[in-house]
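# Inside the fold
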Amino acid sequence: MALDYLILYEHVVREYESLLLLKLELERRGHTVEIRQLLDRKKLKYFTWHKPRVLVASNLYDNEGLNSHVYNNVGRCQKVVNLHWEQMLSDTQEAEPWFNFANNAKKCVQTCWGSLTQKRLLEHGVPKKNAPVTGAVMMDFLRPEFAGYFEDKKTLCQKYGLDPEKRLMLYISSFGYASMDQKEVEELSKMAGTDFTEFARVNRQSMAETLGWFDRYLSAHPEVELVYRRHPSEWNSPALNELAQKHPNFHVIFADSVKQWIVAADDIFIWMSTAIAEVYFAKKNCLILRPEPIPHEFDPVIYAHGRYVTDYEGFENALLHPSDSFPVDKQRIEGYFDNGQKPAYQRMCDLLEQVLFEPARDTPFDQDFTPHFNLLKCVALFGVHLLFALKLPPKKVFFFNRSLADFAQRIYGYVEKAYISPKEIERLEAKIRPFVN
């Protein structure tokens, strides 16, 4: 039997909670829905008897993305909706073709969180029918309709062994490039057509200085709890482990959503994460910590003309004398994150139903696109998932071949980070279900 919707995700923490909200609402409306990870092993059923009528992608920029995220998972599919999780760019990136969709990606439905993103896509040739404004589903959890969804500070602190009587500080990290080696940076630069070398250096340097600030502050203030929330693309760092060992009140915690920590925190620090919008919609304030300027071409437009903390003295003073004003322009936030009267998840499901029931809006799989099945990647994913199930790291299995071990270990790492257990899925569904109308 055919499937109505197959939703593909990349990062668990960034996406899965929102995807379950969409899934439960679509199921409430009588549809069949499944969620899979981009690097899950390929299954014949999704190409044949269980082929989805609508493929919902995590990101999709060009023909290569269309081939990788659609064709190599389900074959040809003319009804493709991109949830477009990466909408906060720098003004330089906003002008680049790759970030504005190229080739037949423009013939897929590219959802927009707000009017400013829609305006940009239209200016770069995406037809209006393929650039609808839906709002940002992840922001729905901060709406009044979801009051009571998140745990309070006391419950959350007790859950992770933190002292609920202490001031709870949260740092939302975006140092994804700090963990990359030079080869990975070069590969990413080649793929995107942009040199990330300097940005990677700023990542590493800013991370080191920020951790230095935390080291000084925690040494003088044992009466606080500081939770470091790493980015989904950020690998574990020896520097983080060292700081956690030195200060019992420094904690690297990746569990639970960033929204949950924002709601519970007393103080929030941020570097360049788009989660600053979630801070805003949670009606909280924050400090933007920038020990080193971010290259203009990588700084998200939402941070333009923001108020930054640039040295340790300013950091300490800002905590002693907190400001009532938000550090970035509120109108800009609302231009990128449409906060309509109707929750975004309902608007998104309205769109998905339109795509399901109506004729295809466009033809992503036409004569302008020649798909190809990546058999090597298919076989590699099968092997890596087998090793993951057996808990056998490739670096130990392929010890006799360094290049093969490194290649397999990288894929294994992505699979490991993207895994979510059936028990956790069941828990999240039970938590979300009461809030679905």
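So, here's what we can say about the structure. All figures in this text were calculated on a predicted structure; none of them were measured in a lab.

## A word on the pattern of salt bridges
Considering all chains together, one arrives at 30 salt bridges under this definition. A salt bridge links Glu353 to Arg29; its shortest N-O distance comes to 2.9 Å. Taken together, the residues Glu353 in helix H13 (residues 344-357) and Arg29 in the loop between helix H1 (12-28) and strand E2 (33-37) connect sequence positions 324 residues apart. For the salt bridge of Glu184 with Arg410, the shortest nitrogen-to-oxygen distance reads 3.8 Å. You can see Glu184 sitting in helix H6 (residues 182-192) and its partner Arg410 sitting in helix H16 (residues 402-418), a full 226 residues away along the chain. Residue Glu184 is classed as buried on the basis of its relative accessible area, which comes to 14%. Taking the relative accessible area as the measure of exposure, Arg410 reaches 33% and is therefore partly exposed. Taken together, the shared-partner salt bridges connect Glu25, Arg28, Arg29, Lys342, Asp350 and Glu353 into one network.

## A closer look at the packing of H1 against H13
Running from N to C, H1 and H13 point in directions that differ by 60°, and their axes come no closer than 10 Å. Our classification of the angle between H1 and H13 gives oblique. As for how H1 packs across H13, the hand of that crossing is right-handed. Mapping the contact onto sequence places Leu21, Leu22, Glu25 and Leu26 in H1 and Tyr345, Met348, Cys349 and Leu352 in H13. Partitioned by chemical class, the residues of the contact of H1 with H13 number 7 nonpolar, no polar and 1 charged.

## A few points about the sheet that holds strand E10 (residues 287-289)
Spatially, the 6 strands line up as an open sheet ordered E8-E7-E6-E9-E10-E11, and their pairing is parallel. The open sheet is flanked by strand E8 (250-252) and strand E11 (308-309), the only strands paired with a single partner. In the sheet, strand E9 (residues 267-270) pairs with E10 via 2 bridges, with the strands oriented parallel. Its bridge partner being in E10, Ile270 is matched across the sheet by Ile288.

## Section: unusual backbone geometry
Backbone phi values are negative for most residues with the exception of glycine, while trans is the configuration of most peptide bonds. Unlike most non-glycine residues, Asn103 shows phi in positive territory, near 55°. Tracing the backbone through its elements, the reader meets Asn103 in the loop between helix H3 (91-95) and strand E5 (109-110). Even without being a glycine, Lys391 presents a positive backbone phi close to 60°. The residue Lys391 is located in the loop between helix H14 (375-389) and helix H15 (394-397) in this model. Lys391 sits in the exposed class, given a relative accessible area of 67%.

## A look at the environment of Asp266
For Asp266, the location among the structural elements is in the loop between helix H9 (258-264) and E9. Take Asp266: its relative accessible area is 33%, and that puts it in the partly exposed class. For the pair Asp266 and His231, spaced 35 residues apart in sequence, the C-alpha to C-alpha distance is 20 Å. With residues up to four places along the chain from it excluded, the contact list for Asp266 reads Lys153, Lys166, Arg167 and Leu168.

## Topic: the environment of Leu351
Topologically, Leu351 is positioned in helix H13. Separated by 204 residues in sequence, Leu351 and Ala147 place their C-alpha atoms 25 Å apart. Setting aside anything within four residues of it in sequence, one finds Leu351 in contact with Val109, Thr111, Pro132, Thr134 and Arg361.

## Description of the pairing of E2
Counted residue by residue, E2 has 4 buried out of 5 residues, so it is predominantly covered. With 5 bridges joining them, strand E1 (residues 3-9) and E2 adopt parallel strand pairing. Opposite Leu6, over in E2, you have Glu34 as the bridge partner. Handedness of the crossover joining E1 and E2 through H1 is recorded here as right-handed.

Cut-offs applied
Residues numbered from 1 in each chain as written. Predicted model: local features only at pLDDT ≥ 70, side-chain atom pairs only at ≥ 80, totals over all residues. Heavy atoms only, no water. Salt bridge = Lys/Arg side-chain N within 4 Å of Asp/Glu carboxyl O. Helix = DSSP H or I, 4+ residues; strand = E, 2+ residues; numbered from the N terminus. Buried < 20%, exposed > 50% of the residue type's maximum accessible area, 1.4 Å probe, protein only. Axes fitted to C-alpha atoms, helices over the stretch in contact; angles between N-to-C directions. Parallel < 35°, antiparallel > 145°, perpendicular 65-115°, else oblique. Left-handed = near helix turned anticlockwise from the far one by under 90°. Contact = heavy atoms within 4.5 Å. Nonpolar A, V, L, I, M, F, W, Y, C, P; charged D, E, K, R; others polar. Pairing = 2+ DSSP bridges. Right-handed = clockwise from strand over helix to strand, strands pointing away.

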